[in-house]
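Structural overview
The residues making up each chain are set out below.
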Amino acid sequence: RVQSAAICLLLAFALLPQQAPCQDPGAARTYLVKLSTPVSTSKSKPGDRIRAAIISPESLLNGYLEGVVEQATSKPAPKLVLRFNSVLFKGKSTPIESEVVDFVNSKGHKSVDDDERPIQLKEGAFSSAAEDLWLDEGSELRVRAAPSQR
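In what follows, the accompanying structure is described. (Residues numbered from 1 in each chain as written. Predicted model: local features only at pLDDT ≥ 70, side-chain atom pairs only at ≥ 80, totals over all residues. Heavy atoms only, no water.)

1. Description of the packing of aromatic side chains
Two aromatic rings are characterised by how far apart their centres lie and by the angle between their planes. Threshold: Working definition: rings of Phe, Tyr and Trp (its six-membered ring) pair if their centres are within 6.5 Å, and the pair is stacked with planes under 30 degrees apart, edge-to-face with planes over 60 apart, and tilted otherwise. In this text, helices come from DSSP runs of H or I with a minimum length of four residues, and strands from runs of E with a minimum of two, each type numbered from the N-terminal end. For every residue, the accessible area obtained with a 1.4 Å probe (protein chains only) is divided by the maximum for its type, and the residue is called buried under 20%, exposed over 50%, and partly exposed between those limits. In this scheme, the term charge over a ring applies when either NZ of a lysine or CZ of an arginine sits within 6 Å of the ring centre and within 35 degrees of the ring normal.
Applying the stated criterion across every chain yields a total of 1 aromatic pair. Centroid distance phenylalanine 103 to phenylalanine 126: 5.2 Å. Interplanar angle 80°. Geometry classified as edge-to-face. In this pair, phenylalanine 103 is assigned in strand S6 (residues 92-104) and phenylalanine 126 in strand S8 (residues 125-128), connecting sequence segments 23 residues apart. You'll find phenylalanine 103 and phenylalanine 126 in the same group, each marked buried. We note arginine 51 situated over the ring of tyrosine 64; from NZ or CZ to the ring centre the distance is 3.9 Å.

If you want it as structure tokens, here you go:
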């Protein structure tokens, strides 16, 4: 009887879902993140701090990408470049180099800003034919990142 109970207990533990091991936050990968701060070509300035909550990979949930607005110009044509330079996970900051490669606005709409104006993303730079472009907090960005070489 004791032996049967022990075998049942071992089987129960063996069948429990295994938690994925924690991945190295600084490893080369693509992140899906949700902006925590709005950004725009009219209000953001180069050097402004930005932060985005990590949605994927799931092993880094509750982590953040942190960085800066690298470029924000409204004339002659709006251009916005966001550069994430660190992964913050479990109190540890890991330096990275990154480029935004895809996005949806905070309403889940692709290829438009939060005022539904068409915008393009090319080589990490957002641009628009309109006089301004902005992405509200909650916009989702796909960010390709690699360990920092600095």
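Now, onward.
2. Notes on the pairing of strand S1 (residues 29-35)
Heads up, the condition is: DSSP bridges decide pairing: two strands pair if at least two such bridges lie between them.
Burial analysis of S1 places 5 of its 7 residues in the buried class, which makes it a mostly covered element. Relative to strand S10 (residues 140-147), S1 runs antiparallel, the two sharing 6 bridges. Bridge pairing links tyrosine 31 to valine 143 in S10. Judged from the 4 bridges that link them, S1 and strand S3 (residues 49-56) form a sheet pairing that is antiparallel. Counted as the bridge partner of leucine 32 is serine 56 from S3.

3. A closer look at the nonpolar core
Going by this rule: What is meant by a nonpolar core is a set of buried Ala, Val, Leu, Ile, Met, Phe, Trp, Tyr and Cys residues, joined one to another through side-chain atoms within 4.5 Å. The contact criterion used throughout is that any non-hydrogen atoms of two residues lie within 4.5 Å.
Of all hydrophobic cores here, the largest spans 26 residues; its most connected members are Leu65, Leu82, Phe84, Phe126 and Leu141. Top contributing element to this core by residue count: strand S5 (residues 79-89), with 5 residues. For phenylalanine 126, the contacting residues outside a window of four places in its chain are Pro78, Lys79, Leu80, Leu82, Val100, Phe103, Ile119, Gln120, Leu121, Leu133, Leu135 and Leu141.

4. Quick notes on the pairing of strand S4 (residues 64-73)
Note that S3 and S4 share 5 bridges and pair antiparallel. Of the residues in S4, the one forming a bridge with arginine 51 is glutamate 66. Where S4 and S5 come together, 9 bridges link them in antiparallel fashion. Bridged to valine 68 within S5 is arginine 83. The hairpin formed by S4 and S5 contains 5 residues between the paired strands.

By themselves these figures say nothing about function.
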